[in-house]
Amino acid sequence: MTGETAAETGWAKINLALHVRRRRADGYHDIETIFAFADFGDILSVRAADDVTLTIGGPFGEGLPADESNLVLRAARALAGAYGIETGAALMLDKRLPVASGIGGGSADAAAALRLLNRHWGIDADEKALCAIGTALGADIPACVGSRTQRGDGVGEQLRVLADDDVRGKAVLLVNPGTPLGTGPVFAAWDGADRGALAGGLPLAAARDGRNDLERPAISLCPVIGTVIAALEDRPGVAFTRMSGSGATCFALFEAEADAEAARAAIAAEHPGWWAAAGRLR
Ligand SMILES: C[C@@](CO)(OP(=O)(O)O)[C@H](O)COP(=O)(O)OP(=O)(O)OC[C@H]1O[C@@H](n2ccc(N)nc2=O)[C@H](O)[C@@H]1O
Ligand SMILES: Nc1ncnc2c1ncn2[C@@H]1O[C@H](COP(=O)(O)OP(=O)(O)O)[C@@H](O)[C@H]1O
């Protein structure tokens, strides 16, 4: 254990494609998805302490409970329980990603907590063991543990790392209209029609051939998503636009980082209430 502050980033998650194949008896849905990650996100830091505690700041920290419902604390408790850790940790979350927005902020934070405390407590568990702990807390958490381009099957927990030659380093813009959208209600609004499998191969090529089957139900619950997609599609240099996860955040990939930044600035000026962040896929 160290006395200094250490930190991990909860990288913003993007579903380049998301096919919903089947509603299951347990209420979940079998999906096929391609996960990619932006090179920015929430920042989680830790200092040595006797008890496990969480404080939250940052632009989206207000209103997010720092109690036992928070995925950071749930991940910390699960990790400590699995490895018999009785030491504390003072965790601080700088919440930079909008909450309930389809970019897995809570899942990314939980995964960051697993990676950070694995080091801080000197557990040295491997990625597979951290993923197993994450799976019990949320479908997206295993993908966020590695935070690299992956294919996800099952509820997204059956993972395969993909060769990412056609996406790594691509300029990306994320835009959220400021309306939180719960994952459960969007899956519940899916019409039940299986529109077919997601192709294999390079991630961007497969994504271009694919879909986000949650786009239609999400727009039915939150029509402004259609406006966000239209606002992204029009920009100079844009290569690909889609909604991420269950929404309402949408993303666009660009040929050049300058184009992504120009689009971010233009959208921020046109829609001051929206959140827009540009970077690269990691
Ligand atoms: C849709 C995706 C795509 O990556 O992302 P988000 O939009 O949440 O970021 C994920 O599958 C979400 O994963 P996650 O946000 O961890 O979901 P969970 O907390 O496990 O589940 C929340 C609720 O969503 C529904 N759910 C979730 C995953 C799934 N495959 N089928 C479902 O039906 C269930 O009703 C569940 O109670
Ligand atoms: N650290 C956290 N950050 C964000 N949301 C959290 C966190 N801990 C718990 N939650 C809960 O998880 C839900 C899903 O949040 P989030 O992961 O941001 O969205 P999504 O699943 O749409 O990507 C939120 O509604 C929130 O109540």
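None of the values given here were measured: they were computed from a predicted structure.

Draft legend 1. Summary view of the site of ligand 2. Of all residues adjacent to ligand 2, which total 17 residues, the nearest are Leu71, Ala100, Gly105, Gly106 and Asp109. Put simply, the parts of the chain that give the shell around ligand 2 at least two residues each are α1 (71-83) and α2 (105-120). With 4 residues, the top contributor of residues to the shell around ligand 2 is α2. Counting only domains with at least three residues in the shell around ligand 2, you end up with domain 1 (6-161) and domain 2 (171-280).

Draft legend 2. Fine view of the domain arrangement of the protein chain. When cut into domains, the protein chain gives domain 1 (6-161) and domain 2 (171-280). If you average the C-alpha positions of domain 1 and of domain 2, the two centres end up 21 Å apart. Between domain 1 and domain 2, the contact holds 26 residues from the first and 34 residues from the second. Breaking the side of domain 1 that touches domain 2 down by element, the ones donating at least two residues are β1 (6-23) and β2 (29-47). In terms of residue count, the dominant contributor to the side of domain 1 that touches domain 2 is β1 (11 residues). A breakdown of the residues in the side of domain 1 that touches domain 2 according to their chemical character gives 14 nonpolar, 7 polar and 5 charged.

Draft legend 3. Up close: the UniProt feature "binding site: ATP" (unreviewed entry) in the protein chain. The UniProt record marks Pro98, Val99, Ala100, Ser101, Gly102, Ile103, Gly104, Gly105, Gly106, Ser107 and Ala108 with the feature "binding site: ATP" (unreviewed entry), using the residue numbering of this structure. Not counting chain neighbours up to four residues away, the residues in contact with Ile103 comprise Ala12, Lys13, Ile14, Leu97, Leu174, Ser244, Gly245 and Thr249. Here Ala108 lies in helix α2. Note on Ala108: 29 C-beta atoms within 10 Å, which makes it buried.

Draft legend 4. Here's a closer look at the site of ligand 1. Close contacts around ligand 1 come from 20 residues, with Gly138, Asp140, Phe187, Gly245 and Ser246 the closest. Put simply, the parts of the chain that give the shell around ligand 1 at least two residues each are β1, β2 and α5 (183-188). Among the residues making up the shell around ligand 1, the classes are represented as 6 nonpolar, 13 polar and 1 charged. Taken domain by domain, the makeup of the shell around ligand 1 includes at least three residues from each of domain 1 (6-161) and domain 2 (171-280).

Draft legend 5. Region of interest: the sheet that holds strand β10 (residues 275-280). Reading across the sheet, the 4 strands line up as β8-β9-β7-β10 and stay open at both edges, with antiparallel pairing between neighbours. Either end of the sheet is taken by a strand with one partner, and the two such strands are β8 (238-243) and β10. Within the sheet, the average angular offset between the axes of one strand and its neighbour, ignoring direction, is 15 degrees. Relative to strand β9 (residues 250-254), strand β7 (residues 171-176) runs antiparallel, the two sharing 5 bridges. Looking across to β9, one finds that Leu173 is bridged to Ala252. Along the sheet, helix α8 (residues 224-233) contacts β7, β8 and β9; its crossing angle with β8, the most-contacted strand, is approximately 170 degrees. Across the face of the sheet, helix α9 (residues 257-270) comes into contact with β7, β9 and β10 while running at roughly 15 degrees to β7.

Cut-offs and rules
- Residues numbered from 1 in each chain as written.
- Chains lettered and ligands numbered in written order.
- Predicted model: local features only at pLDDT ≥ 70, side-chain atom pairs only at ≥ 80, totals over all residues.
- Near = placed C-beta within 6 Å.
- Helix = DSSP H or I, 4+ residues; strand = E, 2+ residues; numbered from the N terminus.
- Domains from an automatic or database assignment.
- Contact = placed C-beta atoms within 7 Å.
- Nonpolar A, V, L, I, M, F, W, Y, C, P; charged D, E, K, R; others polar.
- UniProt positions renumbered as here; feature names shortened; annotations may be inferred.
- Buried ≥ 20, exposed ≤ 12 C-beta atoms within 10 Å, placed from the backbone.
- Pairing = 2+ DSSP bridges.
- Axes fitted to C-alpha atoms, helices over the stretch in contact; angles between N-to-C directions.

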